[in-house]
Amino acid sequence: MVTTTPHLTLKDFLALPEEDIAYELVNGQAIPKMSPKFRHSRTQKKLLFLLEAWAIDRGFVQPDWAVTLKRNGTDWVPVPDLLYVSFDRLSADWDEDSPCPIAPELAVEIVSPGQSFGAIAEKTIAYLAAGVLRVWVVDPRDRSLTVFAADAMPKVYRNEEIIADSQFPELSLKTEEIFQ
């Protein structure tokens, strides 16, 4: 359901009834998130397990958790496939049933069939502009992971390449682990 309301405020969006479909707030509209298929779900699950093992005492790793951000000066509520927010940014005892209230260190988007590169690139740029430190775009068909950061060129990882980033101390993943 795309709303017919000309412009939803953040408050209006958050007050919408919960449904089985996840929605993102984009330009004042509730836009349904694409329903994941097998490869997408499998990749999300594997990444969740890998990141959760690393983040256990560092922060929250959550699948499909909405986050309140700003995009071009307006409220934006994307629902990344995974996000990581450290306990430095969001206290370990935070327990509200609401969207993540701050920009996470990491947003992960998994490419689904039918998604355009342009749409994913636009969303990635918006995440970085909103204060997300890293965006991982994972392509299960290509078996690749691309890391985007505001201060660096994108870096593509494949096969046995090790994903390591000073932003995430002691996290070291082989790209192939994600797709096993």
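The structure contained in this document is the topic of the report that follows.

What counts, and at which threshold
Residues numbered from 1 in each chain as written. Predicted model: local features only at pLDDT ≥ 70, side-chain atom pairs only at ≥ 80, totals over all residues. Heavy atoms only, no water. Helix = DSSP H or I, 4+ residues; strand = E, 2+ residues; numbered from the N terminus. Rg over C-alpha atoms; globule rule 2.2 N^0.38 Å. Buried < 20%, exposed > 50% of the residue type's maximum accessible area, 1.4 Å probe, protein only. Contact = heavy atoms within 4.5 Å. Areas by Shrake-Rupley, 256 points an atom, 1.4 Å probe, with all protein chains shown as cover. Phe/Tyr/Trp six-rings, centres within 6.5 Å; stacked < 30°, edge-to-face > 60°. Salt bridge = Lys/Arg side-chain N within 4 Å of Asp/Glu carboxyl O. Patch = residues over 30% accessible without salt bridge, like charges linked within 9 Å, V, L, I, M, F, W, Y side chains within 5 Å. Lys, Arg positive; Asp, Glu negative; His and termini not counted. Charge placed at Lys NZ, Arg CZ, Asp CG, Glu CD. Pairing = 2+ DSSP bridges.

### Remarks on the overall build of the protein
Then step 1. A count of helices and strands for the protein gives four helices and twelve strands.
Then step 2. Over its C-alpha atoms the protein spans a radius of gyration of 16 Å, differing by no more than 12% from the 16 Å that the globule rule assigns to 180 residues.
Then step 3. Structurally, the protein occupies a C-alpha span of about 50 × 40 × 30 Å along its principal axes.
Then step 4. Counting all 180 residues of the protein, 46% fall into the buried class.
Then step 5. Partitioning the contacts of the protein with sequence separation of at least 6, the portion at a separation of at least 24 is 52%.
Then step 6. Summed over its atoms, the accessible surface of the protein is roughly 9,900 Å², and 54% of this surface lies on carbon and sulfur atoms.

### What to know about the packing of aromatic side chains
Then step 1. Inspection of every chain in the model, using the stated rule, returns eight aromatic pairs.
Then step 2. Summarising the aromatic geometry, the rings of F60 and W65 are spaced 6.5 Å apart at their centres and angled 80° between planes, so their arrangement reads as edge-to-face.
Then step 3. Here F60 falls in the buried class, since its relative accessible area comes to 18%.
Then step 4. Judged by its relative accessible area of 13%, W65 falls in the buried class.
Then step 5. For the pair W136 and F168, a centre-to-centre distance of 6.4 Å together with 85° between the ring planes defines the contact as edge-to-face. Residue W136 is located in strand β8 (residues 134-139), and its partner F168 is located in the loop between β11 (162-164) and β12 (172-174); the two are separated by 32 residues in the primary sequence.
Then step 6. A relative accessible area of 1% means that W136 is categorised as buried.
Then step 7. Overall, the relative accessible area of 2% leaves F168 in the buried class.
Then step 8. Through a chain of ring-to-ring contacts, the aromatic side chains of W54, Y84, W136 and F168 assemble into a single cluster.

### Remarks on unusual backbone geometry
Then step 1. Positive phi, normally seen in glycine, also occurs at N159, with a value near 55°.
Then step 2. The exposure class assigned to N159 is exposed, which follows from its relative accessible area of 51%.
Then step 3. Phi angles above zero are rare outside glycine, and E170 is one such case at about 70°.
Then step 4. Residue position: E170 is located in the loop between β11 and β12.

### Re the pattern of salt bridges
Then step 1. Here the structure, examined in full by the defined rule, presents ten salt bridges.
Then step 2. Residue R134 is joined to D165 by a salt bridge in which the shortest nitrogen-to-oxygen separation is 2.7 Å. Here the residue R134 occupies a position in strand β8, and D165 occupies one in the loop between β11 and β12, the gap between them amounting to 31 residues. For the pair R134 and D165, one class covers both residues: buried.

### Quick notes on a negative patch on the surface
Then step 1. On the surface, E18, D93, D95, E96 and D97 cluster together to form a negatively charged patch.
Then step 2. Examined against the element boundaries, D95 turns out to sit in the loop between β6 (82-86) and β7 (106-110).
Then step 3. Given a relative accessible area of 72%, D95 falls into the exposed group.

### Some words on the pairing of β7
Then step 1. Of all five residues that make up β7, five are buried, and the element is covered over most of its length.
Then step 2. Because side chains alternate across β7, one face comprises the buried residues L106, V108 and I110, and the other comprises A107 and E109, equally buried.
Then step 3. One ladder, built from three bridges, connects β6 with β7; its direction is antiparallel. Residue L82 lies in a different strand from β7, and its bridge partner there is V108.
Then step 4. Pairing analysis gives five bridges linking β7 to β8, with the strands arranged parallel.

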